[in-house]
Structure formats: structure tokens, C-alpha cells
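# Coordinates in review
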Amino acid sequence: MNKFEQLGLNESLLKAILDLGFENPSEVQEKAIPLLLEKDTDMVALAQTGTGKTAAFGFPLIQKIDADNRNTQALVLSPTRELCLQITNELKNYSKYEKGINVVAVYGGASITEQAREIKRGAQIIVATPGRMQDMINRGLVNIKSIDYCVLDEADEMLNMGFYEDIVSILSDTPDEKSTWLFSATMPQEVARIAKQFMSEPLEITVGTKNSGSATVSHEFYLVNARDRYEALKRLADANPDIFSVVFCRTKRDTQAIAEKLIEDGYSAAALHGDLSQAQRDGVMKSFRGRQIQMLVATDVAARGIDVDNVTHVVNYQLPDEIETYNHRSGRTGRAGKLGTSIVIVTKSELRKISSIERIIKQKFEEKSIPSGIEICEIQLLHLANKIKDTEVDHEIDNYLPAINNVLEDLSKEELIKKMVSVEFNRFITYYKKNRDISVQSSNERRERGDSEPREFNNNGAVRYFVNIGSRDNFDWMTLKDYLKETLELGRDDVFKVDVKEGFSFFNTDPEHTDKVMDILNNVQLEGRRINVEISKNDGGGRRDHNNRGGRRDSGRRDGNFAPRREGSGGGFRSDRSSAPRREGSGGGFRSERNSAPREGGFRRSEGSSDRAPRRSESFGDSPRPRRPRRD
Ligand code: AMP
């Protein structure tokens, strides 16, 4: 018997579960399903988004519905149209082997008469947003007077969005003896009030800690000067070539403006806010789900209920006015057991908000520095090298090889590699060479990292290294710094600016330690794997000692060892990508918004003026679909 069978689910559901590929019930499913199946009861379930709660109520609901009775028996209320459609879809999937069950979605922005017609045909389950549901009740288009089950999904979000009165009014239209199942990530007073008013002796289940952020999300903040906020966003995107993110702004205007700027600078971005038409919003969401958009810039309201798997980063471009909202934002990543990162770009005057958020989410933030141009170039360069390595060759190209060989035959392998990489890369380097670093460290971080004053490694004479160990070897900057100091027998402040990435890290020492670093570290093994360290950059007084590393490495090894890990190969991607609509066409919603923005040649222009980031569409835009490597 598998674990789903043990929960008491019937054959047709088990079959559907098999099709869905769910192997084991999630915690909320394990806790809720047997209770809900066993008897008719009210229930309050505190569970974050992404924990599998749709199935936690969906499976029992479908099992309990009488498929032979065409009357409406269950109402599921959800905060947004997006979520409403998602739940409807899931319920349809769950009930695919259960004959005669009809699930209808009811939401604003679509024809109310068509929805009413569908209900009339017989919908045992209605999934609705509160506003449209209230509208339908007012117009007498729906009858929920004899439902048996009512589910309030993401109750806190619905109340946050101002649906309190609609919910109260809708619930008042339902019979007292029904079962009410309330799912919420948090339990603010308003939710507790609804529970008290409309539920009787509800069973309570909690998944994770009440009000805490998801354990699968790590939290980072980057301190910047206010004028550098946008530049910081771009750098964070550049330093994470596989980013697939939701970027939160406070206002619709900022949301639109930031998305437009990103698009203009060549990123695959789009805006999502309340001023877009429903069709535009649908277009944007479709493109985001299809990964044609890497950065979805959204307001809190518009992004509520977005349930897209594999979002790698949530970026708080600005912190929300209500600190509690942070939890909802960060819940867009780290879903379904995947790991995610929630980033806050913060100015000095907002720093105290970080501590308030830490108290709410009961998790600590890690303070990080905005990557310097050099670091970004290195990351992108390796990303590119990996992409080349992973690209599957279409043998059509063989026909052209003799001609190509003719042109390139005088170049050595090394020259050829350099030139190939430069084709894509020169513009990037040119851009970052001309732009100052923007990192600001809080005095706290400087103290902890052992930096006496803010260091910018371009001009302080220190030597920057690149080493092939990182967070996947269980290091953070503190533990790596300790490890390096110990291994190299260096003093307290001799290793600084340690920046840990997933598969590799950077750190600095003064030039006098370089020989030691190269000699010792390159001969050390970590759990059977050879450590490989390289000088990352000649920093003013530092030196670049190619001989030192030349004997020890070959470029293949470096690629393999230093590259950020990726799932899957980039090979398939290229062809995906080329057939996919390019950014210009993606997200129907945004294109019409910004018809005057320069599309073509923008990068070339920026090359001339060089005050604009390189267009990723021409340099790294077609990087592999941002599927974040799991940090496990
Ligand atoms: P939810 O919290 O309902 O929004 O679910 C988040 C995601 O987890 C959805 O993509 C579900 O399809 C998926 N999911 C739900 N239950 C399971 C399970 N038992 N095993 C694997 N994935 C699941």
C-alpha cells in the first residue's frame, strides 16, 4: 500500500495521483486528508502556499462529492483569478477518473453569462473569486444555499485584498450545517474572526511554524545607495544568469517603469499590475509560465496567488509598506520542496525593517554585497563556456565546415576559444569596465567580514581569487573564511570579501599571501575532490600570475569545476529558445505598453554611449531556461 492509499483515498483518485506523479503525500496532505475523509468537520489549516494544500482539500472534496447529483455542492473561494483557474485545473486533474464531476471557475474579467451557463449545466464544485461570486449571487445566477462544503483558500490573502465583506456576505448565503475548510498561511485577526463567526469547533492543523516563512527559502539583503537600486537589480540578474524571478515594486507606476527599463536594457521582463487589461495579464502570465519572461515585475496585489513552480528568486525591489506582506512575496519561491532565494534591495534608512521582518519570518537574513562588474563578468563568462560545452551540435553544420575551416585554419585552439567567447562577451566586459562598483556594506558586515573599510577590489591592491568550492559544499561566507584562514594559516583579517556562490566562491587576500594561497590551496582535497584556486583579477597592486596556475589546470577542468551547476543541458534549450517568441513578442501585455522602446540595436547603441547595460538578448539573453540548480 502506498502512502496515499493509507490516507483512505479511493481508486479513481489514486489513479489520478499516479498520473500526476505525486509519490508521497506532503505534510499538509498527510494531516488533512484522513481527517476530512473521516467525518464532516470544519477545519483551519495553517499552511504556506506551495505546500500541496490544493490537493489537501481537493482530494477529500472530490471523494465526498456526489457525482450523480448535478447541484452545486461545494464552493472554493480563492483570492485571485490566477489561483482560481489553477485550483480549477487541479481539481479537474484530480477528478479525471471520477465520472460526472464538473468543476467551474468563476472570476472577474470574463463573461458572467457564460459562467452562469456553465453552472446551469450542472457544476458540483464552483471555484470563485469573492468579487465575482458576490456579483453572481446578487444577480441570482448561482445558488449556494444547499452546499455541503466551503473552502476558503489563502484566506489571509483574500482579507488582505479587502474581500472581508464579500466573504462574510457569501458565507451568509450558505447553510450553517456545511463543512468549512479554511486554509491560510498566517492567522491575522481578521481570519480568526471569520473562523470564529462561521466555523464550529474547527480541527486545527499546522504545517511548519505558524507565521514563519518557508524553510525552503533563504533570505538575503543587499545594501545600496538609493540611486543605485535599479543598477543593483540588473547586477543581481546578471550574476544569476538562470534567474527566473518575481520582482516586487510598491506601486503600479514603479512596476511599469522598472519593467520598461529592464526590457529596454535587454532583459526578458514584463510588468504585471492592475492597470493591465485581463487579456494583457493573461498574456504576461502565459509568457512567464512558458519562461519567455525571466523577470516578472509585479505589484503585491497583481502577484497574489501566482503559483508558478521553480521561481528561483523573489526580488523585493522595494520593501512592502506592510511588513507582513513580505511573507506573501517570498512564498512565491521555494515551492513544492524546491529551494528559493528572497532578495531585498535595501537602503540604509530601511535597514531596521530587515530586523522586523526577521522577527516575523523567524529566519535570519544574510547580508550580501552587490557583485562587482568583474565578478559578474566571470560568472557570465563561465556560464557562456558551459553553454558552449553543453550545446548539442546540429550536424547540418558539417556541410559548412570546410568553408569555416578555411577562414579559421590559421588560429590556434587557444586563439579560437578566445575569439569565440569574445564575440559574445566583449560588450559585457566593456560595459562593466566603465561602470563603478555599487556595493555598500553595513558597518556590521564590514566588521564581521574583517574589512576595515569598504573595499572595492578594483583599486585596493588586494588579490581576488576564484575557488571551486561553494555553498553546495556547505560553506557560507563565514565558514569558508574560517576554513581558508585555517588551511592557509592566515591571520584574522588576512582573508576578506569572501563571497560564496553555489559551486564556487571568491575571496581576497593581500598580494603577499598569493604564493601561499596558490601553493597550499591547489594541493588540498575536500572530501576527495581537488580544490582549484585561481587568481580572478589583477587588482591594481595585485598580480596576475598565469604561470602559477598554468601548470595545474586545464580549461576543461575549470569549466567543470567552477561552473554554477545546472539541471539538464543547455543543448535542447537553444532550439527551444529560437522557436519560442523572442522577448519582443513575449508577454503580449507588455509589448503594447511600451511600443516606443527601442527594440533592435539597443545594445549597439549602448556600446557607443556605454551607459546602458549590455542587451542580454544579444549577449546572454538566450541563456538556458532559468531552471535553478537545486541547492541540495
Ligand atoms: P499547492 O500548495 O497546492 O499550490 O501545490 C504546490 C505544487 O506542489 C503544485 O504544483 C502541486 O501540483 C504540487 N504537489 C502537490 N502535492 C504534491 C505531492 N504530494 N507530491 C508532489 N507534488 C505535489
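Residues numbered from 1 in each chain as written. Predicted model: local features only at pLDDT ≥ 70, side-chain atom pairs only at ≥ 80, totals over all residues. Heavy atoms only, no water.

Here is the rule: UniProt positions are given in the numbering used here, feature names are shortened, and annotations may be inferred rather than shown by experiment.
Taking an unreviewed UniProt entry as the reference, the chain is identified by name as RNA helicase belonging to Flavobacterium limi. What UniProt records for the chain under Sequence similarities (unreviewed entry) is the sentence "Belongs to the DEAD box helicase family."

### Digging into the side chain of Ser 330
Defined as follows: Under the DSSP-based scheme used, a helix requires at least four consecutive residues in state H or I and a strand at least two consecutive residues in state E, with every element numbered from the N terminus. Pairs of residues are marked as contacts when any of their non-hydrogen atoms sit within 4.5 Å.
Relative to the helices and strands, Ser 330 resides in helix H15 (residues 325–330). Not counting residues within four places of it along the chain, the set of residues in contact with Ser 330 comprises Val 217, His 219, Val 314 and Ser 342.

### Quick word on the pairing of strand E17 (residues 505–509)
Heads up, the condition is: Relative accessibility thresholds used throughout: buried, under 20% of the residue-type maximum; exposed, over 50%; partly exposed, between the two (1.4 Å probe, protein chains only). A strand pair is defined by DSSP finding two or more bridges across the two strands.
For E17, the tally of buried residues reaches five of five residues, placing the bulk of the element in the interior. Here E17 shows a buried face lined by Ser 505, Phe 507 and Thr 509 and a second buried face lined by Phe 506 and Asn 508. The pairing of strand E15 (residues 463–467) with E17 spans five bridges and is classified as antiparallel. Within E17, the residue paired with Val 463 across the bridge is Thr 509.

### Observations concerning the nonpolar core
The condition that has to hold: Remark: nonpolar core denotes a set of buried residues (Ala, Val, Leu, Ile, Met, Phe, Trp, Tyr, Cys) joined through side-chain atoms within 4.5 Å.
In this structure, Leu 9, Phe 59, Ile 125 and Trp 181 are the most contacted members of the largest nonpolar core, which totals 41 residues. Examining the composition of this core, we find that six residues originate from one element, helix H4 (residues 53–64), more than from any other. Dropping the residues within four chain positions of it, Trp 181 is found in contact with Leu 36, Thr 41, Met 43, Phe 57, Pro 60, Leu 61, Tyr 149, Cys 150, Val 151 and Leu 152. Core analysis: the next-biggest nonpolar cluster, separate from the first, contains 34 residues, Ile 119, Ala 128, Phe 163 and Ile 167 among them.

### Some details on the pairing of strand E2 (residues 74–77)
Here E2 shows no split at all, with Ala 74 and Val 76 on one side and Leu 75 and Leu 77 on the other all buried. Where E2 meets strand E4 (residues 125–128), four bridges bridge the pair, whose relative direction is parallel. The residue bridging Ala 74 from the neighbouring strand is Ile 125, located in E4. Pairing between E2 and strand E5 (residues 149–152): four bridges, direction parallel. Pairing of Leu 75 across the sheet is with Cys 150, part of E5.

### Focus on the pattern of salt bridges
In plain terms, the rule: Salt bridges are defined as contacts in which a side-chain nitrogen from Lys or Arg sits within 4 Å of a carboxyl oxygen from Asp or Glu.
All told, the structure shown has 28 salt bridges when counted by the stated rule. Where Lys 96 meets Asp 19, a salt bridge forms, and the shortest distance between an N and an O atom there is 2.7 Å. In this pair, Lys 96 is assigned in the loop between helix H5 (81–94) and strand E3 (103–106) and Asp 19 in helix H2 (residues 11–20), connecting sequence segments 77 residues apart. On the basis of relative accessible area, Lys 96 is assigned to the partly exposed category, the value being 46%. Here Asp 173 and Lys 145 are joined by a salt bridge, their closest N and O atoms 3.0 Å apart. Of this pair, Asp 173 sits in the loop between helix H9 (164–172) and strand E6 (179–184) while Lys 145 sits in the loop between helix H7 (130–138) and E5, and the two are 28 residues apart along the sequence. Relative accessible area serves as the criterion here: at 52%, Lys 145 is assigned to the exposed category. In the salt-bridge network here, residues are joined through shared partners; they are Glu 231, Lys 234, Arg 235 and Asp 265.

### Focus: the site of the ligand
Inclusion rule: Throughout this document, a residue counts as near a molecule or strand when at least one of its heavy atoms sits within 4 Å of that molecule or strand. Polar contact criterion, stated in full: a pair of N or O atoms within 3.5 Å, where within protein one must be able to donate a hydrogen and the other to accept it, and residues adjacent in sequence count only if both atoms are side-chain atoms. A 1.4 Å probe and the Shrake-Rupley method give the accessible areas. Residues count as covered only by the protein chains that appear here. Three classes are used, and their members are as follows: Ala, Val, Leu, Ile, Met, Phe, Trp, Tyr, Cys and Pro are nonpolar, Asp, Glu, Lys and Arg are charged, and the others, Gly among them, are polar. For the domain bounds, the source is a domain assignment made automatically or taken from a database.
The immediate surroundings of the ligand are formed by 16 residues, with Asn 24, Gln 29, Thr 51, Gly 52 and Thr 54 found nearest. Contact between the ligand and Asn 24: a nitrogen atom at 2.8 Å from a main-chain N or O atom of the residue. Between Lys 53 and the ligand, the recorded distance is 3.2 Å, taken from a backbone N or O atom to an oxygen atom. Coverage of the ligand by the protein chains reaches 81% of its 500 Å² of free accessible surface. Here the residues of the shell around the ligand are counted per class, giving four nonpolar, seven polar and five charged. Mapped onto the domain boundaries, the shell around the ligand takes at least three residues apiece from domain 1 (3–206) and domain 2 (217–372).

### Describing unusual backbone geometry
One non-glycine residue with positive phi stands out, namely Arg 291, at about 65°. Relative to the assigned elements, Arg 291 resides in the loop between helix H13 (278–289) and strand E11 (295–298). Looking at Arg 291, the relative accessible area reads 9%, which means it is buried. A positive phi is found at Glu 527, a non-glycine position, where the angle reads about 45°. Relative accessible area serves as the criterion here: at 82%, Glu 527 is assigned to the exposed category.

### Notes on the sheet that holds E5
Formally: Orientation is described by lines fitted to C-alpha atoms, with helices fitted over the stretch in contact, and by angles between N-to-C directions that extend from 0 to 180 degrees.
A sheet is described by the order of its strands in space; here seven strands give the open sequence E3-E4-E2-E5-E6-E1-E7, paired in parallel fashion. Each edge of the sheet is formed by a strand with only one pairing partner; in this case those strands are E3 and strand E7 (203–206). Strand-to-strand twist across the sheet, computed as the mean angle between neighbouring axes with direction ignored, equals 15°. Inspection of the sheet shows strand E1 (residues 43–46) paired to E6 by four bridges, in the parallel sense. Its bridge partner lying in E6, Met 43 is registered against Trp 181. Contacts from helix H6 (residues 112–120) reach E3 and E4 within the one sheet, and its direction differs from that of E3 by about 160°.

### Observations concerning the packing of aromatic side chains
Basically, it comes down to this: To pair, rings of Phe, Tyr and Trp, with the six-membered ring standing in for Trp, must have centres within 6.5 Å; the planes then decide the type, stacked if under 30 degrees apart, edge-to-face if over 60, and tilted in the middle.
Applying the stated criterion across every chain, the model contains twelve aromatic pairs. Pairing Phe 475 with Tyr 483 gives two aromatic rings, centres 5.2 Å apart and planes at 50°, and the pair type is tilted. The residues Phe 475 and Tyr 483 share a single accessibility class, namely buried. Connected via pairs of aromatic rings, a cluster forms that spans Phe 4, Phe 59 and Tyr 94.

### Examining a nonpolar patch on the surface
As a reminder, the rule being used: Only residues whose relative accessible area exceeds 30% and that form no salt bridge are eligible for patches; like-charged ones are grouped when within 9 Å, while nonpolar side chains (Val, Leu, Ile, Met, Phe, Trp, Tyr) are grouped when within 5 Å.
On the surface, a cluster of nonpolar side chains totalling about 630 Å² of accessible area is made up of Val 393, Ile 397, Tyr 400, Leu 401, Ile 404, Val 407 and Leu 408. Tracing the chain through its elements places Val 407 in helix H18 (residues 401–408). Given a relative accessible area of 67%, Val 407 falls into the exposed group.

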